[in-house]
Structure formats: structure tokens, C-alpha cells
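# A look at the structure
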Number of protein chains: 2
Amino acid sequence: MSQRTKIKALLQSQQTEIDVTVKGWVRAFRSNRFIALNDGSTNNNIQIVVDFENTDPALLKRITVGAALSVEGKLIASLGKGQTVEVVATEIEILGDSDPEKYPIQPKKHSLEFLRENAHLRFRTSTFGAIFRVRNSLAFAVHQFFQERGFVYLHTPVITASDAEGAGETFHVTNFDLDNIPKTETGEIDFKQDFFGRATNLTVSGQLEGELGAMALSDIYTFGPTFRAENSNTTRHLAEFWMIEPEVAFNDLVDNMDLAEDMLKYVIKYALDKNADDIEFLTQRLTEEEKTKPQNERSEMTLLEKLQFCLNNDFERLTYTEAIDILKESTPNKKKKFAYPVEGWGTDLQSEHERYLVEKHFKKPVILTDYPKEIKAFYMRQNDDGKTVRAMDILFPGIGEIVGGSQREERLDKLEQRMNEMGIPTEELWWYLDTRRFGSCPHAGFGLGFERLVLFVTGMGNIRDVIPFPRFPKNAEF
Amino acid sequence: MSQRTKIKALLQSQQTEIDVTVKGWVRAFRSNRFIALNDGSTNNNIQIVVDFENTDPALLKRITVGAALSVEGKLIASLGKGQTVEVVATEIEILGDSDPEKYPIQPKKHSLEFLRENAHLRFRTSTFGAIFRVRNSLAFAVHQFFQERGFVYLHTPVITASDAEGAGETFHVTNFDLDNIPKTETGEIDFKQDFFGRATNLTVSGQLEGELGAMALSDIYTFGPTFRAENSNTTRHLAEFWMIEPEVAFNDLVDNMDLAEDMLKYVIKYALDKNADDIEFLTQRLTEEEKTKPQNERSEMTLLEKLQFCLNNDFERLTYTEAIDILKESTPNKKKKFAYPVEGWGTDLQSEHERYLVEKHFKKPVILTDYPKEIKAFYMRQNDDGKTVRAMDILFPGIGEIVGGSQREERLDKLEQRMNEMGIPTEELWWYLDTRRFGSCPHAGFGLGFERLVLFVTGMGNIRDVIPFPRFPKNAEF
């Protein structure tokens, strides 16, 4: 028996009147005659034409939605609407049945909520097939972008001994019998007896270790899972998510902004090129979804237009201070429409402020720089004004912050001083400080929340729908 | 000031007599005249020629091993041995000093043990620069191999609710205050109050979730961290390591072997092409190291020869049963040289047996198939003999098992029966069984331990030296 040909290849075939074997899952079967078969290689189905008069009725009955089939037949030019080729079946084998009374995924519109509960089967829907193919392309494009530029992909550790960044709640990792945790004589937990001989947790960022790599290999990036034990049940947060964190020796903040903007445009373009069908489908999906909203809540642009707009326009770059001035003078602020009025300098921006800047004021992606040091991490390079640091956040329409980064503080004395001010233990981070003791140099990097990028490119509204098996409070199913 | 040019590009430059800016770290400074500068882009240094008579002696003193420099100068053809170009410096700036009294990495041979304790700085050595550039190439090659074949890269969860495979000890993940773990009325741990509302741990494999993807997208692969809380202090085990796990619908075991062999050859060839300098360096390193061993313990082939041999030869394929016959009749078995004599059929092979088959008998990579079901996991497809399963292990010289895989049991009744026999909870894995209930089909996959691959290609002896920051019992530093 011949090997299967993937449906994507069949649909692009220049040759017809050839014998083919195709395998996949039934998406629909109509008139006992036309099977829509999908194998996940593309969002499009191939039409299988069944000679129902000469086919065993018992077999026909088993061609149900979700069943796995192997079909031999002839690929011919199709006269039907919506496809250029189809397969006239000569032999149909049922590889696996799918009881239509029990199969959860029916050929109708399911709610995203329902599909989330059936995340093991939602890959079989057009929406999620498209999402995960786009996600795949974005992930590969990230690698290709950095590889073309000579970066080294570094696997930083997932299990770490410190929440040095103080970025938020971390998950404990332990090998203790939780029913019987050993204690020292003074009644404290005896972490010396734990697997790693100390308290450990899941990483919140690979940046600090990434910097160690950059201070020798010059250009590195990480791409791995990171974790937050924050009890936030929102459409924008996950307990487990993937981050991309480049770190580049000798780069300053302008280089850093250029790198981030280039990367975002590169990966979006890659997905547009590779996944035109999927993005077209997702564009239609979003347009349909938006029709259910009141006019003033609908986007001015379709998904596809938004992506192209993002490629064709420079991101707006301005300082936090300039942004505050714009926000203070803005109509919603003056009319007291913001839930958090913008009054002075120094506080963090709320989502509503970011959205105003991106979606109303500039109408394009925005890079804000030079934030007040009080609201940023200890490792960011201090400006001479004594008030701000060389931070940058990239804000995207509908998403908010998609990238956060900075030039790093490379001066040992300044770094230690800031760590002391902020209560970051310098002894624990001896290895981080060593890079400032020996051959320090200016360098910069950023973190891209991968799922936020996938959200943007797929036009989905809930971050739980763009990662295969989302982890969030009270949910670790599958 | 002009942007820097990376040293790799400078060394390959066809143009000379041009002004360049180069930045990097001092590897050596001899005769107050010649700086060997490295920026991690290549294992080779560029020579900077210093006009020491016209340079401030205070500056010359600061050009020490490990210091970070920015150098402006002219790229000229070199008359010296060992390089084709060099930079005549017109301006040298010390970006970061490195106190030679305190800098741990001196221009001499350090033990691998010492460098492991200084893993934050070992990237700055030739050996570890080469290792991590090779590791990078292998990782990217894995992605490129699968992308070229239309696979979807799937991020399977790191935090999971079950050790369904029963593969070994897992690490607990919890958000509990370990000093005050809530209990139910009956005195059990009240996991309902934990972050995910149930007991969770770090994944030992993404395979089961990967299969869910394959049963819709056809061809998927994972590439992510996996964890074992085994207390094994060996040169072959890590508590945290990276795995690649492809899973392909409609593939049988032969397809699976072909895919694994193609992949291994592809990624090794990619590294040989991209990292010729690094692999040459690592080949010399290994040859030097082997000189310290007794003649009979040295390899017959150099590292480079081993890699090329692996590309140029088909892997030997035979069944477990055939392997047992060979081992039983082997000289070491008859002469009672094996620590574990091979007597009958049914027990697992020891490392010494695998090495005999690979290194002595066949002298090439070996794929063993059809293992006794008792020593393999529940999800492997049962053969008709009632005794064996469609498993495969790929054994590599010096490494042992580098790939483990199987055709999966796609028949619901057989799968449930085996799970019951082995005490695997079917209720917990309802989602896994659903793929056999709805549109099941033959499929196969495997797992590649990424660090074992890096070990093989770099010729290193200890797995802790091929991952940036190794995690093992009593160690989670950095």
C-alpha cells in the first residue's frame, strides 16, 4: 500500500488523474456521497466522492464525524464549488469509528468555553487547527529570526533557587513527602534534605541566566516556559506560559528597540506568508464574532488589516514622561472617563491608558521608554536624571504590553546600590554580579510573552485558547 | 561610532584595509602587543595589534584576561601564523575591567569540575563556547527538520496532574505554604486548596498530550523541558533535561524508525556543516583527553570520524529477541565478563549489553525493536505473540539509549486491558482514552533526550557539561 499524501499537498497538486492514498478525520459527510476529510496539514478539507451505490451500507453508516479513514482513489479536477480537486474513492477503510451519539465535537458551532473543556479534541476544529498551526509558525519564525542573526539559543533552567526578580508569586518545587516535611531542631523546614538541598521554585524568567550567556557569547535568546502563581483569572494571564528572552552584549536601548521591532515584524510576516489560509479563516471568524458586538466596540480594521498595518508602520517611540503628558491632556482624562485618572508623574500605566495611547492616540504599536525607576526592576540601567531607567515596553492594540525590556545596569556600584535599596539579596546573586565584576559591558534585552503574540496574530480574545493545555487557577486538566 | 562587526564575520572577510569596530573579551594578551579577542560568535579569536609605544601604560595594564574591550582599527591581512586577518588598533576602550588577581577563568586548563562550579563564566572558555554553539545548532536543526516535513511544534504542559506514565519519581509543584499545609477533616492534605485544586507535579514526558495533537494535526513534535526526581548522581542523568517527542498519526514502527534515523542524521549533518570549527576543536580536545587513558580504553575513531560514520551507515535494526541470542552467544557472556550475565529472555538490557552490541558487535548505531511487554510502558502496541510490544530503542556508541519510542496501542480494548493489568488509572486518563474512542488510528512516536544527543556530538563525557545550568541532586545553583 502506498504512503499517504497530505491533504495540503493534494490540494496544491498540479497533477490530476493520479492514484492517491489520503488519511484523515471526517469533518462532514453529506448526501451519503461527499466526505469532507481533514488531516490537520491545512485548514481546508479535501472532498472524497463516495460511490454510494456500490458501497456496503454498513460501511457508509460508519462514516461519521470524527471517524478516522484511509481512502484510496483517484485525484481529479473538481467541478464542485470551493475546491479545485477531489478524490474519487475506490477503497475506504475505517481506521477508527466515532460514535455520533457520543462524540463531543459536532459539525456545529461550539462555544470556546466548551472546547476549552474538551481541549484534547479541540485541535480537530477549524478554529483550533488554524490557531495551533499559526502558533507553530510563529515559534519557528522566532528561532529562524535569531538564527539568521547569529544568536545562540540558550536553555535556561526551569527549576531555580531564588525569585531574585521578585516578579511575583512563584510555585514551589519539592521532592518532600508533603505529609511529612522534615524540620530542623529549631522547627524550620529542613530544605537541606530536599532534592536540591535548598528551597527551589519554578522560574519566572530566564533573563538573569541569559545575561550570563550574553556576557560571553554576545547574542543569545531563550525560548522556554515560565511560571506565575498569581491567582488572576483573566483572559490575559496564564500560570504557565512561554517566553522569548533575547539578551545582547554591547546593545543599548535603541538597538534593543530595533531588535524587538524587527523581530515582531519578521514573525508576523512569516505567519502571513506561511499561514495565509489559516489567517484568512481567523479573520472571518473574528469579523463574525464582532458582528455580535455593538458598533462602537468593533475594530476599525479586520485581523488581516491589523497585521498588515503592523508590518507597514514604524512603531511610535516616546518616553514615559511624554506619554504621561499626552494622557493628562487627553479627552478621556479631562472628561474623567478613565477609571484611574492620570494626575501626576510616577505611577504605572493602567491597561486603559495603554489602550488609549495605542488604539486612539497613535493608532499603531507604541514603544514607551525611560520609566520611573520605582516601578521597574532592579537590573535596569539608571539614567543620569536619577529618576528614570532605560526601560522599554512595547504596547500592541488589543493586547497591551507584549514586550518588556531594558538596557541593563552594567555598572557594579550602581547595581549593588539599587539592589540594596530594593532589598534584593546580593549574596544570593553572586554569579549575576560576577558578570559586572569581570569584563562587564553595556547590554540590553527583552522578554516577549509568546502567548500574547499568538493572541495578537490569531485575533483570539482569551489567552487560554492559544496554548494547547492552559494552566490557570483550579485547572491542570490533561 | 560605528556598530560592531562580529568576529566570525571579520575572520571570513574578503575585504581588508577597512575600518572596523570589534567588541569582545580578552582571551590573552602577549608581549604588551597582541590581544586575542573573542566575542562568542566563533571559537576563533581575532588578533588585535596594539601600538604599545603610543598607548598609555595605564590602559595597557587594564588589558587583562576577561576584560571587555571595544576596539576601533583597520582590518589587514595578517602575516602571523594561524590567522588570515588581524586588526591594527587605533583606539581601545576598556568597557569592563577584569582583575587578574580575582578573575576565576585563567588562560590555562581548568578542570571541568571547576568550570561546572563556575558555570556562569564557563561560556567564556573555548570548550564551552563550542559546546553551546553546537547545542544551539542541534536545537535549531531539530526544528528545521520537522518544519520542513510539515510537523506542528506543540507546547505540551510542564505542570501536570498525573504521573500517568509511572516513569519515575516526579517533583511536586505546589503553591502551599510548606510550613502550613491545609488538611481536610480526615487529616489528608487538602489539595482542593492548592493553586490548581489538585496535586500537581512536573511533567516526565509530553507524549500523552502530544498524541492528542497528532490525532488531529497528524504530525506534531514537542521540544521542551522534562523532569525526573531520581536521586541518581551519574554522568548520564539530569533532574531537568530537554526532550524532543514527535508523534505521527498513521505511522507504524518502520515509519517511526525511518523518521528517527533521518532526524538524527539530519541534525548531526547540520552541526557538522554549521560548526566545523567547533567540532574540530572538540575533536582535538577529546583526542587529547583520551591520551591520558590506557590504550584499550581509547576510541578507535576520533569524534569527527564517529559523527561521519554515523551519517554514512544505516543503523542496524533487529529485534530484542535477536539481540538476546547474540548476547547469549557472545564471548564476554561465555567468559562471564558481563556483570549481569545474559541467561534468558525477558529481562531488560544493561548498559554493558547495549555497549557490546553497538561498540563491539555491530560497530554502529543499533535500533532494537519488539521488547517484552513487561519491561515497557502501557501505551505501546501489543504484538500478536502476546509477549512483545512494538517498541524501539536507538542505541548510540558511548551514549547507550538516545531514543526510545514505539507504535502506540490504538485499540481501545487492548489499551484498557493493559492499563488495568499495570494499575494505570483509566479514569484519570479519560482524555487519552477518548482519542481511542473517537477516530482512533495507528500512530507512532518517540522521545529523544536532547542532552544525550549533545553529548554524542560534542564528545563530552558528562551530561552536566552540555546544558548551561545543570540540575542534579543537591545542586540548583545559578
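These numbers come from a predicted model, not from an experiment.

So, on to the overall build of chain A. Within chain A one finds 14 helices and 16 strands. Judged by the C-alpha coordinates and their principal axes, chain A covers about 85 × 60 × 45 Å. Here chain A displays about 19400 Å² of accessible surface, and carbon together with sulfur accounts for 46% of that area. Distance from the positive charge centre (58 side chains) to the negative charge centre (74 side chains) of chain A: 5 Å.

So, about the interface of chain A and chain B. Facing 116 residues of chain A, the contacting portion of chain B comprises 116 residues. With both sides pooled, the region where chain A packs onto chain B buries about 9100 Å², and carbon together with sulfur makes up 62% of that total. Per-residue buried area on chain A facing chain B is highest for His155(A), Phe195(A) and Phe438(A); these three make up 9% of the total on that side. Remark: the boundary between chain A and chain B carries eight salt bridges. For Asp219(A), the salt bridge goes to Arg4(B), with nearest N and O atoms at 2.8 Å. Here the side of chain A that touches chain B gets 10 residues from one element, more than from any other, and that element is helix H4 (residues 126-148) of chain A. Of the residues in the side of chain A that touches chain B, the class split is 55 nonpolar, 32 polar and 29 charged. In terms of strand pairing, strand E8 (residues 172-174) of chain A meets strand E8 (residues 172-174) of chain B through three bridges, oriented antiparallel.

Among all residues save glycine, negative phi is the norm, and among peptide bonds the norm is trans. Residue and element names in this part refer to chain A. The backbone phi angle of Ser218 is positive, close to 70°, even though this residue is not glycine. Following the sequence through the fold, Ser218 ends up in the loop between helix H5 (207-217) and strand E10 (219-227). Judged by its relative accessible area of 1%, Ser218 falls in the buried class. In this structure, Lys474 is a non-glycine residue whose phi angle is positive, near 65°. Here Lys474 lies in the segment after helix H14 (450-458).

Below, the discussion takes up the relation of the copies chain A and chain B. You can overlay chain A on chain B at an RMSD of 0.0 Å; the transform is a turn of 180° with a shift of 0.0 Å along its axis. What we have between these two chains is a two-fold relation. Among all C-alpha atoms of chain A, that of Val173(A) lies closest to the rotation axis, at 2.5 Å. Most of the interface of chain A is mirrored in chain B: 100% of its interface residues are interface residues there too.

Once that is clear, we can look at the packing of aromatic side chains. Residue and element names in this part refer to chain B. With the rule as written, the count across this model stands at 55 aromatic pairs over all chains. Ring geometry for Phe146 versus Phe151: centroids 4.9 Å apart, planes at 55°, classification tilted. Pair check on accessibility: Phe146 and Phe151 agree, each one buried. Ring centres of Phe469 and Phe478 lie 5.5 Å apart, and the angle between their planes is 45°; on these two criteria the pair is classed as tilted.

Moving on, we get to the environment of Arg149(B). The residue Arg149(B) is located in the loop between helix H4 (126-148) and strand E6 (152-153) in this model. A residue is classified by how much of its surface remains accessible, and Arg149(B), at 34% relative accessible area, is partly exposed. Measuring from C-alpha to C-alpha, the distance between Arg149(B) and Ser98(B) comes to 48 Å, with 51 residues separating the pair along the chain. Not counting chain neighbours up to four residues away, the residues in contact with Arg149(B) comprise Lys6(A) and Tyr266(B).

Attention shifts here to the pattern of salt bridges. Any two side chains of opposite charge can pair, given that their charged atoms come close. Residues and elements named next belong to chain B. Inspection of the entire model under this criterion finds 70 salt bridges over all chains. The shortest N-O distance in the salt bridge between Asp278 and Arg133 comes to 2.9 Å. You can see Asp278 sitting in helix H7 (residues 276-291) and its partner Arg133 sitting in helix H4, a full 145 residues away along the chain. No difference in accessibility class separates Asp278 from Arg133, as the two residues are buried. As a salt-bridge pair, Arg381 and Glu410 come within 2.8 Å of each other at their nearest N and O atoms. You can see Arg381 sitting in the loop between strand E13 (366-372) and strand E14 (388-396) and its partner Glu410 sitting in the loop between strand E15 (400-407) and helix H12 (412-422), a full 29 residues away along the chain. Across the pair, exposure class does not vary: Arg381 and Glu410 are buried alike.

Before going further, it helps to spend a moment on the sheet that holds strand E1 (residues 18-30) of chain B. Residues and elements named next belong to chain B. Taken together, the five strands give a closed barrel; going around it, the order is E1-E2-E3-E5-E4, and neighbouring strands pair in mixed fashion. Between one strand axis and the next, the sheet turns by 55° as a mean value, whatever way the strands run. Relative to strand E2 (residues 34-38), E1 runs antiparallel, the two sharing five bridges. Of the residues in E2, the one forming a bridge with Phe29 is Ile35.

To continue, consider the pairing of E13(B). Residue and element names in this part refer to chain B. Along E13, seven of the seven residues are buried, which leaves the element largely enclosed by surrounding structure. By the bridge criterion, four bridges tie strand E12 (residues 316-319) to E13 in an arrangement that is parallel. Each bridged residue has a counterpart across the sheet, and for Glu316 the counterpart in E13 is Val366. In this structure, E13 lies alongside E14, joined through six bridges in antiparallel fashion. In the strand pairing of E14, Leu368 is matched with Asp393.

Residue and element names in this part refer to chain A. Here chain A is partitioned into domain 1 (7-107) and domain 2 (126-169 + 204-465). In this structure, domain 1 and domain 2 have C-alpha centres spaced 44 Å apart. Taken together, the six residues of domain 1 in the interface contact six residues of domain 2. Roughly 450 Å² is buried in total at the junction of domain 1 and domain 2, and carbon and sulfur atoms are behind 26% of that figure. Linking domain 1 with domain 2 are zero salt bridges, by the criterion used here. The tally of links from domain 1 across to domain 2 stands at four residue pairs in polar contact (both at pLDDT 80 or more). In terms of residue class, the side of domain 1 that touches domain 2 is built from no nonpolar, five polar and one charged.

The next thing to look at is the sheet that holds strand E13 (residues 366-372) of chain A. Residues and elements named next belong to chain A. Taken in spatial order, the eight strands of this open sheet run E6-E10-E11-E16-E15-E14-E13-E12, and their pairing is mixed. At either margin of the open sheet sits one strand with a lone partner, and together these are strand E6 (152-153) and strand E12 (316-319). Both strand E11 (residues 240-249) and strand E16 (residues 443-449) contribute to a ladder of five bridges, which runs antiparallel. Counted as the bridge partner of Val248 is Ala444 from E16. Sitting on the sheet, helix H6 (residues 253-274) touches E11, E12, E13, strand E14 (388-396), strand E15 (400-407) and E16, and the angle it makes with E14 is about 15°. Taken strand by strand, helix H9 (residues 320-328) contacts E12 and E13, and its axis lies near 95° from that of E12.

Once that is clear, we can look at helix H6 (residues 253-274) of chain B. The first and last C-alpha atoms of H6(B) sit 31 Å apart over 22 residues, in line with the 32 Å expected at 1.5 Å per residue. Its side-chain oxygen at 3.1 Å from the backbone nitrogen of Val254(B), Asp252(B) defines the N-terminal cap of H6(B).

Attention shifts here to the packing of H4(A) against H4(B). Two elements in contact, H4(A) and H4(B), have axes whose closest approach is 11 Å; the angle formed by their N-to-C orientations is 140°. As judged from the angle between their axes, H4(A) and H4(B) are oblique. Judged by the sense of rotation from one axis to the other, the crossing of H4(A) with H4(B) is left-handed. Where H4(A) approaches H4(B), its residues Asn136(A), Phe140(A), His143(A), Gln144(A) and Gln147(A) are matched on the opposing element by Asn136(B), Phe140(B), His143(B), Gln144(B) and Gln147(B).

All names here are of chain A. Most of E11 sits inside the fold, with 10 of its 10 residues counted as buried. Here E11 shows a buried face lined by Glu240, Trp242, Ile244, Pro246 and Val248 and a second buried face lined by Phe241, Met243, Glu245, Glu247 and Ala249. As paired elements, E10 and E11 share nine bridges and run antiparallel to each other. Looking across to E11, one finds that Phe227 is bridged to Glu240.

Residues and elements named next belong to chain B. Of all 11 residues in helix H5 (residues 207-217), 11 are buried, a share of seventy percent or more. By the burial criterion, the buried members of H5 are Gln207, Leu208, Glu209, Gly210, Glu211, Leu212, Gly213, Ala214, Met215, Ala216 and Leu217. Immediately beyond the C-terminal end of H5, within one or two residues, lies Ser218, with a positive phi of roughly 75°.

What counts as what
Residues numbered from 1 in each chain as written. Chains lettered and ligands numbered in written order. Predicted model: local features only at pLDDT ≥ 70, side-chain atom pairs only at ≥ 80, totals over all residues. Heavy atoms only, no water. Helix = DSSP H or I, 4+ residues; strand = E, 2+ residues; numbered from the N terminus. Areas by Shrake-Rupley, 256 points an atom, 1.4 Å probe, with all protein chains shown as cover. Lys, Arg positive; Asp, Glu negative; His and termini not counted. Charge placed at Lys NZ, Arg CZ, Asp CG, Glu CD. Contact = heavy atoms within 4.5 Å. Buried area = accessible area lost by both parts, 1.4 Å probe. Salt bridge = Lys/Arg side-chain N within 4 Å of Asp/Glu carboxyl O. Nonpolar A, V, L, I, M, F, W, Y, C, P; charged D, E, K, R; others polar. Pairing = 2+ DSSP bridges. Buried < 20%, exposed > 50% of the residue type's maximum accessible area, 1.4 Å probe, protein only. Least-squares fit on C-alpha atoms with pLDDT ≥ 70 in both. Phe/Tyr/Trp six-rings, centres within 6.5 Å; stacked < 30°, edge-to-face > 60°. Axes fitted to C-alpha atoms, helices over the stretch in contact; angles between N-to-C directions. Domains from an automatic or database assignment. Polar contact = N/O pair within 3.5 Å; in protein donor to acceptor, adjacent residues only side chain to side chain. Expected span 1.5 Å × (residues − 1). Parallel < 35°, antiparallel > 145°, perpendicular 65-115°, else oblique. Left-handed = near helix turned anticlockwise from the far one by under 90°.

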